[in-house]
Amino acid sequence: SVPHLFYGIKELEDQEILKLLPHITETQWTGILDLQLWSRDEMSTDAFMELEKHITQAENPVATKLLRGTDSELWELLLKRSVHIYGKVDEDRYEVEPSEGEWLETPDKDYLITLPHDPEEARLLRALILRLYHLDSEYAASLIASCRVRTAIEIEEIAYQNRRRRVEDMGFQDYFEAIDIYTILPPDE
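These figures come from a predicted structure and were not determined experimentally.

Visitor: For this particular structure, what's the right way to read the environment of Glu16?
Guide: Note that Glu16 resides in helix H2 (residues 14-20). Residue Glu16 is classed as partly exposed on the basis of its relative accessible area of 39%.

What follows is the structure in structure tokens.
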């Protein structure tokens with residue numbers, strides 16, 4: 001079951017996780033993300049990158065399965081919080097030309113992405129974005145286009161509602177509903 005797998009995977013090293021990934025289903029991967037990434041109604045982008053980094057090392061069929069098991073809103077939220085994305089103004093120019101820092105031109109040449117100043121985070125984000133384009137370039141481009149027009153709050157709320165529904169199906173109570181149910185009331189109430 002997803003909870004057993006989730007608690008077991010927390011004890012594994014990266015190489016052990018990579019060996020296990022071919023045997024994990026899309027649904028199990030979704031459940032692992034649901035249980036690992038969220039604290040109340042906030043998604044941790046660091047935890048997301050820590051789990052999704054395995055996509056960069058997994059074989060194509062396994063990486064594709066993990067990609068299908070991940071809500072698009074989680075990818076959008078990662079991009080929204082971690083990078084700045086600029087579209088093309090015309091054939092040769094982007095909305096902004098970066099003056100400093102590390103940047104990435106998407107493989108389709110439609111977007112220019114400025115990466116974080118932290119070199120390790122920038123390296124991992126570059127690898128993740130390029131892997132997304134390698135696995136499914138249309139999907140990657142639609143993620144980028146979508147996250148450019150939506151707010152972080154909107155993306156996170158949709159992701160949270162999806163997660164909440166699935167976690168309740170696993171038998172776990174939503175944090176905010178649990179607070180309402182188990183809050184101690186004064187005797188006169």
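Visitor: Help me out: how do you make sense of the packing of helix H8 (residues 119-135) against helix H9 (residues 137-149) in this one?
Guide: When two helices pack together, their arrangement is captured by the angle between the axes and the distance separating the axes. Their axes nearest at 5 Å, the elements H8 and H9 cross at an angle of 130°. Comparing the axis directions of H8 and H9 gives the class oblique. Seen from H8, the contacting residues are Leu132, Tyr133 and Leu135; seen from H9, they are Ser137, Ala140, Ala141, Leu143 and Ile144. Counted by class, the contact of H8 with H9 contains 7 nonpolar, 1 polar and no charged residues.

Visitor: What is the right way to read unusual backbone geometry from this model?
Guide: Across residues other than glycine, the phi torsion is negative in most instances, and most of the peptide bonds are trans. The backbone phi angle of Arg40 is positive, close to 60°, even though this residue is not glycine. Looking at the secondary structure, you find Arg40 in the loop between strand E1 (38-39) and strand E2 (42-43). One non-glycine residue with positive phi stands out, namely Lys109, at about 65°. As for its position among the elements, Lys109 is in the loop between strand E4 (103-105) and strand E5 (111-114). For Lys109, a relative accessible area of 43% translates into the label partly exposed.

Visitor: I'm lost on the side chain of Glu156 in this one. Help?
Guide: Within the secondary structure layout, Glu156 lies in helix H10 (residues 152-169). Using a relative accessible area of 15% as the deciding quantity, one classes Glu156 as buried. The contact partners of Glu156, leaving out residues within four places of it in the chain, are Trp38, Asp41, Glu42, Met43, Leu77 and Arg81.

Visitor: Whenever I open this one, empty space enclosed by the protein confuses me. Can you help?
Guide: Gaps left between atoms are located by rolling a probe of water-molecule size over the structure's atoms. Throughout the structure, instances matching the rule amount to 1 cavity of 30 Å³ or more. Taken as a whole, the largest cavity spans an internal volume of roughly 30 Å³. Together, Leu79, Ile129, Leu132, Tyr133, Ala140, Leu143 and Ile144 line the largest cavity. Its residues assigned to classes, the lining of the largest cavity shows 7 nonpolar, no polar and no charged.

Reading the values: the criteria
- Once a new chain begins, its residue numbering starts again from 1 and follows that chain's sequence as written.
- For a predicted model such as this one, the threshold for reporting local features is a pLDDT of at least 70, and the threshold for listing and counting side-chain atom pairs is 80 or more; totals across whole chains, interfaces and linings nevertheless cover every residue.
- Values shown for side chains rest on all heavy atoms present in the structure; no hydrogens or waters enter the calculation.
- Helix and strand labels come from DSSP, where a helix needs a run of H or I of at least four residues and a strand needs a run of E of at least two; each type is numbered from the N terminus.
- Between buried and exposed lies partly exposed: a residue is buried under 20% and exposed over 50% of the maximum accessible area for its type, with that area taken using a 1.4 Å probe on protein chains only.
- Fitted lines through C-alpha atoms give the axes, limited to the stretch in contact for helices. The angle between two N-to-C directions lies from 0 to 180 degrees.
- Orientation labels follow simple angle bins: below 35 degrees gives roughly parallel, above 145 gives roughly antiparallel, 65 to 115 gives roughly perpendicular, and whatever is left gives oblique.
- It only takes one pair of heavy atoms within 4.5 Å for two residues to be counted as in contact.
- When residues are sorted by character, Ala, Val, Leu, Ile, Met, Phe, Trp, Tyr, Cys and Pro go into the nonpolar class, Asp, Glu, Lys and Arg into the charged class, and all the rest, Gly among them, into the polar class.
- Each cavity reported here is a set of points on a 1 Å grid over the protein atoms alone in which a 1.4 Å probe fits but cannot get out, each pocket an open set with protein on both sides within 12 Å along at least five of seven lines, and each lining residue one with an atom within 4 Å of a point.
- Grid points are joined across faces, edges and corners, and a volume is the space filled by probe spheres set on the points.

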